[in-house]
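Structure assessment
Each chain is listed here by its residues.
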Amino acid sequence: MEAATEQNKTVADGRKAGSFQIIVFKQGNEEYALSIDQIKEVVITPTITRMPQTLPYIKGVANIRGNIIAILDLEEKFNIKRPADQHTGNHYTLVVESEDFKMGVLVREVPNTLTISAADFDESMNIITDVTSESNYVRGIVKVQGRLIILIDIFKVIGQDVMAALRKNTAA
Amino acid sequence: MKKDQEYKEIFLAESLENFEEINRLLTQLEKHPSEKNTLHALFRITHTLKGNAAGMGFTGIAELAHVLEDLFGEVRDGNIVMDRPVFEPVFKGVDVLGALINAVRDNADVKYKGIKTKLEVIIRTKGIARSEEGRAAVGEAAPEVMAATEATLAVDGREAEETEETRIAFSDLVQVPVRKLDNLLNLVGELIIEKDRILAQAGNHTRGTNEYARLSRISADLQYSVMDVRMVQVGFLFNKFHRVVRDAAVVENKNVTLKLEGTDTEIDRNVLQVMSDSLIHLIRNSIGHGVESAEERQRLGKPAAGVITLRATGETDSVVIEITDDGKGLDYEKIKRKALSKGLITQDEADRMPVDELGLLIFEPGFSTADQVTAISGRGVGMDVVKKTLDSIGAMIRVDSKPGLGTTVRLTLPSSMAVKSCLLFEMQQDVYAIPLSFTEAVISLYKTNIHKAGGGLIANHLGKNIAVVFLKDVFDQDLEKHIGTNLLQKTFDEIHPEAKLEIVVVTFNNRTVGFVVDKLLQQKEIVEKPLMKPVDRVKFIGGVTILGSGNVCLVLNVPFILQFIFGLYVQGRSTKGITLN
């Protein structure tokens, strides 16, 4: 977290108009990010209780400060292979919250906060989307300091599957 | 005695509210005498007040409210003009009414006969103005009344001095939105969970848990107090059914009266709310299908008016609501034929099915034995919705019927949805809970006691054959995979031949199943929380709770799991049917 705040400070001096903060975390070898306003807190992953009848990437539910929330594994969702040298497990959970959803995303390292300017953010969608997904959960690509960060909308990721599951249920 | 006191408090609160409303409306009417709506409202409120007071046995309030109601009725019909001379005694009358209501609390002696007589005179003489002219005539018509008026007014004059001083009355009751109560209960739930956590830690300590005995007691007391606050009397809901019965009877052109019993039985407000629509449906169904027409009843030697009885009785952990009609009873042969034609059961099953299971068939989707569809019953939708609603709160249904004598639908409802006694067990390192209301027994069997039969497993328990299911198989099943390929026998095939199995026998609506679990833990009172998005559509799990360890424990939705398991059998059967063709 210290690194994150340092980064914040350096960027804060030369803050341009239209800059925003993102939370960066690693999934496999790629860097993913969420907009900071979708994130409530970062906690050490509590014990997860598995839940039947759920999609495979929903690892179960856990108790975070008295709230029982679903825990997601995005690496599984995005089919990202975990590097062989990293067997450390998912130590941290990003708690994300919206009006409809409250859930946790598993991450292996402490996520960083990063302030990026609008100029570093590329929204043009030259990304090949999954045929089955109706809306794209990738909001854009952030290029900063030679890094390539994929900014996603976590609620679109889960929203699609909930809708798909709903369709399946009504069809059955 | 305590109940009486509670009734009295509720009456007092309602009446004071009515009284304030009357005052407000009356002032409004004085400013705008032509407002018909105000007058109608006044009429209604005095009527309600009269009814409530009469029900409670407060004759004074009832009589005075009755006179006021009559007066407002006359004004509404245009027989009396509400002018200043009329307003004065009316306001006076309302003041005395207020005094009477307050007297309920301190048993003060309030004289009301005088003002009552005066108001009666106004009604009889159609207003003050005309009464002045026709005084002589009135005097002849009711001399004793007039005399009494003068006399009692004189007495009241002295009494009035005391009541004259306007005081603002405060009710002893507070109205609270349910939302706030829900929040309170949630907080108590969290407190209990936290207490359990502390106790679990203390258990490892040398000092033990005695240290926390007081904490346990206070938090338990708090929990039950909050639960008690949420309790309402079923009469609150039952009384609304008079109208439902009347309307349904009119539509069906039948003569039906409603009898209420055990209206003071208490039940959690939320349970009652969830229940209310289902009850309406069941009552309509009794009127539509159960009660015969007046002519037919007379032919059968029954009283022309059918009687529907709503009866509530409180039991330790549950409330039983029975809807009884004295109609023709269920026609089991007709139900069998119908179920066969709809493909709900096979001929074989129909022959063997006991009557209480046949009775439950009326709750299957698309089932309706009425040959004609009427406005309120016979569409075949509704009863299955009732069942779904009742399943969702874990209510049990039982149908008893005697041909020619009537049908009783008995619903066993949880008296509170918040706290459940549960049996905790472990399966694949996760802890699950089964509400005790569903568990019948806990047994352990060897693998050799369990036999494969059809697509599943059976075992003998107390002379009865019960289905045995490995919960693991149910939970692990992949909906994408082909269903019906002996899915429920998978784990059974894998386990050691001499394995001893712990089995929880659960029963719901005549279906009994033994769930094989890894390890039985303990019995515990839990506070159930609903599932949140995105896992809120998981049907096998009804809710979650947090254990003393801080881990999450899943509460099984037994009605759905049983429905699912038996649904698998049905699906398996239909696929078999297709391959044979």
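What you see is a predicted model; the values in this text were computed from it and never measured. (Residues numbered from 1 in each chain as written. Chains lettered and ligands numbered in written order. Predicted model: local features only at pLDDT ≥ 70, side-chain atom pairs only at ≥ 80, totals over all residues.)

Attention now moves to the overall build of chain B. Regarding its fold elements, chain B presents 21 helices and 18 strands. Expressed as a percentage of its 581 residues, the buried residues of chain B come to 34%. By sequence separation, contacts in chain B at least 24 residues apart represent 67% of the contacts at least 6 residues apart. (Helix = DSSP H or I, 4+ residues; strand = E, 2+ residues; numbered from the N terminus. Buried ≥ 20, exposed ≤ 12 C-beta atoms within 10 Å, placed from the backbone. Contact = placed C-beta atoms within 7 Å.)

When you go through chain A residue by residue, the secondary structure sums to three helices and eleven strands. Sorting the 172 residues of chain A into buried and exposed places 28% on the buried side. Partitioning the intrachain contacts of chain A with sequence separation of at least 6 by distance along the chain shows that 56% fall at a separation of at least 24.

Right, let's get into the sheet that holds strand β4 (residues 306–314) of chain B. Residue and element names in this part refer to chain B. Taking strand neighbours across the sheet as the criterion, the five strands line up as β2-β4-β5-β7-β6 in an open arrangement whose pairing is mixed. Both edges of this open sheet fall to β2 (256–261) and β6 (396–402), since each of them pairs with a single strand only. Taking the axes of each pair of neighbouring strands and ignoring which way they run, one obtains an average angle of 15° across the sheet. Relative to strand β7 (residues 406–414), helix α13 (residues 269–290) is tilted by about 175°, and along the sheet it contacts β2, β4, β5 (318–325) and β7. (Pairing = 2+ DSSP bridges. Axes fitted to C-alpha atoms, helices over the stretch in contact; angles between N-to-C directions.)

This part is about the sheet that holds strand β13 (residues 464–470) of chain B. Two modes of strand pairing occur in sheets, parallel and antiparallel, and in both the strands are linked by backbone hydrogen bonds. Residues and elements named next belong to chain B. If you trace the six strands from one edge of the open sheet to the other, you get β10-β14-β15-β13-β12-β11, paired in mixed fashion. Here the strands that pair on one side only, and so sit at the sheet edges, are β10 (439–446) and β11 (451–453). Averaged over all neighbouring strand pairs, the angle between strand axes comes to 40°, with direction disregarded.

The next subject is the interface of chain A and chain B. Counting residues at the interface gives 23 residues for chain A, matched by 19 residues for chain B. Secondary structure elements with two or more residues in the side of chain A that touches chain B: β4 (58–64), β5 (67–72), β7 (102–107) and α3 (154–171) of chain A. No other element matches the four residues that β4 of chain A contributes to the side of chain A that touches chain B.

All names here are of chain B. With phi around 60°, Asn253 is a residue other than glycine that occupies positive phi space. Take Asn253: it is sitting in the loop between α12 (241–252) and β2. Judged by C-beta crowding, with 9 C-beta atoms within 10 Å, Asn253 ranks as exposed. Even without being glycine, Gln429 reaches a positive phi, approximately 70°. Within the secondary structure layout, Gln429 lies in the loop between β8 (419–427) and β9 (430–435).

Residue and element names in this part refer to chain A. Counted residue by residue, β7 has five buried out of six residues, so it is predominantly covered. As judged from the three bridges shared by β5 and β7, these two strands associate in the parallel manner. Counted as the bridge partner of Leu72 is Val105 from β7. Where strand β6 (residues 92–97) and β7 come together, six bridges link them in antiparallel fashion. Bridge pairing links Val96 to Met103 in β7. Linking β6 back to β7 in an antiparallel pair, the connection comprises four residues.

Another aspect to go through is the confidence of the model for chain A. Interpreting fine coordinate detail is not advised for predicted regions of low pLDDT. Counting all residues, the mean pLDDT for chain A is 74, and 70% of those residues have values of 70 or more. The low-confidence segment residues 1–16 of chain A, where pLDDT is below 50, has 13 contacts with residues more than four positions distant or belonging to other chains. (pLDDT = per-residue confidence, 0-100.)

Take the environment of Thr389 of chain B next. Residues and elements named next belong to chain B. On the secondary structure map, Thr389 appears in helix α18 (residues 383–392). Separated by 111 residues in sequence, Thr389 and Ser278 have C-alpha atoms that sit 7.3 Å apart. Dropping the residues within four chain positions of it, Thr389 is found in contact with Val274 and Ser278.

All names here are of chain B. It is at 10 Å that the axes of helix α3 (residues 59–76) and helix α5 (residues 113–124) come closest, and there the two elements cross at 20°. What the angle tells us is that α3 and α5 run roughly parallel. The hand of the α3/α5 crossing is left-handed. The residues of α5 that touch α3, namely those facing Glu63, Leu64, Val67, Leu68, Asp70, Leu71 and Glu74, are Lys116, Leu119, Glu120, Ile122 and Ile123. Each residue belonging to the contact of α3 with α5 can be placed in one class, and the counts come to seven nonpolar, no polar and five charged. (Parallel < 35°, antiparallel > 145°, perpendicular 65-115°, else oblique. Left-handed = near helix turned anticlockwise from the far one by under 90°. Nonpolar A, V, L, I, M, F, W, Y, C, P; charged D, E, K, R; others polar.)

To continue, consider the environment of Ser318 of chain B. Mapped onto the secondary structure, Ser318 of chain B falls in strand β5. For Ser318 of chain B and Ala395 of chain B, which are 77 residues apart along the polypeptide, the C-alpha to C-alpha distance reads 9.2 Å.

The biggest cluster of nonpolar side chains holds 123 residues, and the ones touching the most others in it are Val61 of chain A together with Ala433 of chain B. Per-element accounting of this core gives the leading share, seven residues, to α13 of chain B. Sequence-distant contacts of Ala433 of chain B, defined by excluding residues within four places in its chain, comprise Cys422, Leu423, Leu424, Ile526, Thr545, Cys553, Val555 and Leu556 of chain B. (Core = buried A, V, L, I, M, F, W, Y, C linked by C-beta atoms within 7 Å.)

Glancing now at the packing of α13 of chain B against α18 of chain B. Residues and elements named next belong to chain B. Packing of α13 against α18 brings their axes to within 9 Å, and their N-to-C directions diverge by 145°. Here α13 runs over α18; the crossing is left-handed. Contact residues: α13 offers Val274, Ser278, His281, Leu282 and Asn285, while α18 offers Met383, Val386, Thr389 and Leu390. Residue composition of the contact of α13 with α18, grouped by class: five nonpolar, four polar and no charged.

Residue and element names in this part refer to chain B. With 83% of its residues at a pLDDT of 70 or more, chain B has an overall mean of 77. Ignoring residues within four places in sequence, the model shows residues 129–164, a span with pLDDT below 50, making 32 contacts including any to other chains. A low-confidence stretch, residues 571–581 stays under pLDDT 50, and its non-local contacts, those more than four residues away or across chains, total five contacts. With a pTM of 0.60, the predicted complex shows an ipTM of 0.73.

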